[in-house]
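Each chain, written out:
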Amino acid sequence: MQTYLLSQQFNARSLAENSTACPVNATICSGTSCVLPEDNFNETLSIVLSTVLTIMLALVMFSMGCNVDIKKFLGHIKRPWGIFVGFLCQFGIMPLTAFLLSLAFNVLPVQAVVVLIMGCCPGGTASNVIAYWVDGDMDLSISMTTCSTLLAMGMMPLCLFVYTKMWTDSDAIVLPYDSIGISLVALVIPVSFGIYVNHRWPSKAKVILKVGSIVGAILIVLIAVVGGILYKGSWIISPKLWIIGTIFPAAGYSLGFFLARVAGLPWHRCRTVSLETGMQNTQLCSTIVQLSFTPEQLELMFTFPLIYSIFQLLFALLILGGYRLYRRHRVKTKTDVEKTEEKEDSKSTSSHAKINGGFVSNETK
């Protein structure tokens, strides 16, 4: 009896090893290559984390609003030169760069489309957090994110119609206007509350801002890590998309900064426009891709938004680190110069007082 059971187990194991049939629950099958749907644990984890991250993001945007001066914010709306420059970067530079990169690397049509979708997406909320850490113009940053999300309702269909003609019919791409609307509401409402708190209780707003900026930095890293864990099965992707995912955000940061400087914006606004240009709403891109393409097509393109997200974060951290080093060196040098000038002023004042028998105040000692 025991021998019979062992024989049955051995036969079952041999059949399992030699069988080329895909599991019943596989969504894509090609010989022995199968793509399985996410298990219940991953699905539950995704829902829980999405809820937690959404709440945290709302709180972070509330804290960012605590750094916005309502008069300056309305000033950007009334005199929207900075917003206009950001608009040219967001819906001019980024789609064109996506188009040129797709042509240069000669990727598959479906892969070119996902690169273009990423280029046509509005700015992401992570740019507001990084803009704070690089001493950018928060009023401009939030107004740019808000306006680009609002204008995406019309500009995304237009840009996709212009640039995707040679690869696919633009009508085949489903734009989730509800998701864009939700992103807009999730941005505007918390920021509005933050602006109100800053207007009524400025001292409390500063404390909220400090806490929120730290939480925001942690949240950005957390989102990247969670995305890598949830979609670890999709990392086998064309090397060309990896290269594009590396070059694209770097080009966005660089070209955004260059155009802002050419437009005559001051340095802190150039940094702001640069971040708003390079940091895209990758969650929106993922949603569009999932709604528009078949599982077979998704296998070739689904991971690109995550790759872009990782490299846009990596380059943003490099920009932040470089700026912090520059500021530390500049402030240190400036302080040394000021101390030298103060000593010289003190000596000249003392000598002048001795010569004239005058009084030397405590401020000059």
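About the thresholds
- Residue numbers run consecutively from 1 along every chain, following the written order of its sequence.
- Under the rules for a predicted model, residues below a pLDDT of 70 receive no local features and side-chain atom pairs below 80 are neither given nor counted, while totals for whole chains, interfaces and linings still include all residues.
- In computing side-chain values, all of the structure's heavy atoms are included and hydrogens and water are not.
- A run of H or I in DSSP counts as a helix once it spans at least four residues, and a run of E counts as a strand once it spans at least two, with each numbered from the N terminus.
- Three labels apply to residues, based on accessible area from a 1.4 Å probe with only protein chains included: buried if under 20% of the type maximum, exposed if over 50%, partly exposed otherwise in between.
- For this analysis, residues touch if any pair of their heavy atoms sits within 4.5 Å.
- Only the protein chains shown count as covering a residue, and every accessible area follows the Shrake-Rupley method with a 1.4 Å probe.
- Side-chain atoms within 4.5 Å link the members of a nonpolar core, which is a set of buried Ala, Val, Leu, Ile, Met, Phe, Trp, Tyr and Cys residues.
- UniProt positions are given in the numbering used here, feature names are shortened, and annotations may be inferred rather than shown by experiment.
- Between the first and last residue of a helix there are one fewer steps than residues, each counted as 1.5 Å, and that sum is the expected span.
- When the centres of two rings from Phe, Tyr and Trp lie within 6.5 Å, Trp using its six-membered ring, the rings pair. Their planes under 30 degrees apart give stacked, over 60 give edge-to-face, and anything left gives tilted.
- A ring has a charge above it when a Lys NZ or an Arg CZ is no more than 6 Å from the ring centre and no more than 35 degrees off the ring normal.
- Note that patches include only residues with greater than 30% relative accessible area and no salt bridge, and the join distances are 9 Å for like charges and 5 Å for nonpolar side chains (Val, Leu, Ile, Met, Phe, Trp, Tyr).
- Any Lys or Arg side-chain nitrogen located within 4 Å of an Asp or Glu carboxyl oxygen qualifies as a salt bridge.
- Orientation is described by axes fitted as lines to C-alpha atoms, over the contacting stretch for helices, and by angles from 0 to 180 degrees between their N-to-C directions.
- Handedness of a helix crossing follows the sense of rotation of the near helix relative to the far helix, less than a right angle counterclockwise being left-handed and clockwise being right-handed.
- Following the grouping adopted for this structure description, the nonpolar residues are Ala, Val, Leu, Ile, Met, Phe, Trp, Tyr, Cys and Pro, the charged ones are Asp, Glu, Lys and Arg, and the polar ones are all others, Gly among them.

**Remarks on the overall build of the chain**
- Per the secondary structure count, the chain includes 14 helices and two strands.
- Burial statistics for the chain: of 365 residues in total, 41% are counted as buried.
- Sequence-distant contacts in the chain: of pairs separated by 6 or more residues, those separated by 24 or more amount to 81%.
- Counting only carbon and sulfur atoms, one obtains 66% of the accessible surface of the chain, whose full area is about 20,100 Å².

**A few points about the nonpolar core**
- Core analysis: the biggest nonpolar cluster contains 41 residues, and Val115, Ile117, Met156, Phe248, Val289 and Phe304 have the highest contact counts within it.
- Where this core is concerned, the elements lending two or more residues are helix H4 (81-105), helix H5 (109-120), helix H7 (138-163), helix H10 (239-262), helix H12 (282-292) and helix H14 (304-356).
- If one sorts the elements of this core by residue count, H5 sits on top with nine residues.
- Here Phe304 is in contact with Val114, Val115, Met118, Ile237, Leu241, Ile244, Gly245 and Phe248, once residues within four sequence places are set aside.
- With 25 residues, the next largest nonpolar core counts Val68, Val134, Leu209 and Ala316 among its residues.

**Digging into the UniProt feature "transmembrane region" (unreviewed entry) in the chain**
- Here, the residues flagged by UniProt with the feature "transmembrane region" (unreviewed entry) are residues 45-63, 83-105, 112-134, 140-163, 175-196, 208-229, 241-260 and 306-326.
- Structurally, residues 112-134 is divided into 74% helix and 0% strand, and its ends, taken at the C-alpha atoms, are 33 Å apart.
- Secondary structure across residues 140-163 comprises 100% helix and 0% strand; the distance between its end C-alpha atoms is 29 Å.

**Examining the environment of Val188**
- With respect to the helices and strands, Val188 occurs in helix H8 (residues 177-200).
- Each C-alpha atom, one on Val188 and one on Thr146, is 7.1 Å from the other, the two residues being 42 residues apart in sequence.

**Considerations on H10**
- Helix length check: H10, at 24 residues, gives a terminal C-alpha distance of 34 Å against a target of 34 Å (1.5 Å per residue), a fit within 8%.
- Residues of H10 that are buried include every one of Leu241, Ile244, Gly245, Phe248, Pro249, Ala251, Gly252, Tyr253, Gly256 and Ala260, and no others.
- Where H10 ends, the next residue or the one after it, Gly264, has phi of about 90°, a positive value.

**Points about the packing of aromatic side chains**
- A complete count under the given rule lists nine aromatic pairs for this structure.
- Ring centres of Phe87 and Phe91 lie 5.7 Å apart, and the angle between their planes is 55°; this geometry places the pair in the tilted category. Of this pair, Phe87 and Phe91 both sit in helix H4, four residues apart, which is roughly one turn of that helix.
- Feature note: the residues Phe248, Phe304 and Tyr308 constitute an aromatic cluster, connected by ring pairs.
- The residue whose ring lies beneath Arg200 is Trp201, and the NZ or CZ to ring-centre distance is 5.2 Å.
- Over the face of the ring belonging to Trp267 we find Arg261, whose NZ or CZ atom lies 3.8 Å from the ring centre.

**Brief notes about a nonpolar patch on the surface**
- Nonpolar side chains collect at one region of the surface, where Leu96, Leu100, Leu103 and Met166 lie side by side and expose about 360 Å² of accessible area between them.
- A residue is classified by how much of its surface remains accessible, and Leu103, at 38% relative accessible area, is partly exposed.

**Structural notes on the environment of Val289**
- Relative to the assigned elements, Val289 resides in helix H12.
- Note on Val289: relative accessible area 0%, which makes it buried.

**Structural notes on the pattern of salt bridges**
- Scanning the entire structure with this criterion turns up two salt bridges.
- The closest approach of N and O atoms between Arg327 and Asp135, which form a salt bridge, is 2.7 Å. Of this pair, Arg327 sits in helix H14 while Asp135 sits in the loop between helix H6 (126-133) and H7, and the two are 192 residues apart along the sequence.
- Overall, the relative accessible area of 28% leaves Arg327 in the partly exposed class.
- Relative accessible area serves as the criterion here: at 31%, Asp135 is assigned to the partly exposed category.

**Remarks on H6**
- Counting buried residues along H6, six of its eight residues qualify, which places the element largely inside the surrounding structure.
- All of the buried residues along H6 are Ser127, Asn128, Val129, Ile130, Ala131 and Tyr132.
- Trailing H6 by a residue or two, Asp135 shows a phi angle of about 55°, which is positive.

**Notes on the packing of H10 against helix H11 (residues 267-278)**
- Where H10 meets H11, the axes come as close as 7 Å, and the angle between the chain directions of the two elements is 145°. Crossing of H10 against H11: the hand is right-handed. When H10 is examined against H11, the residues Pro249, Gly252, Tyr253, Gly256, Phe257, Ala260 and Arg261 are found in contact with a partner set consisting of Trp267, Cys270, Arg271, Val273, Ser274, Leu275, Thr277 and Gly278.
- Looking at the contact of H10 with H11 residue by residue, the classes come out as eight nonpolar, five polar and two charged.

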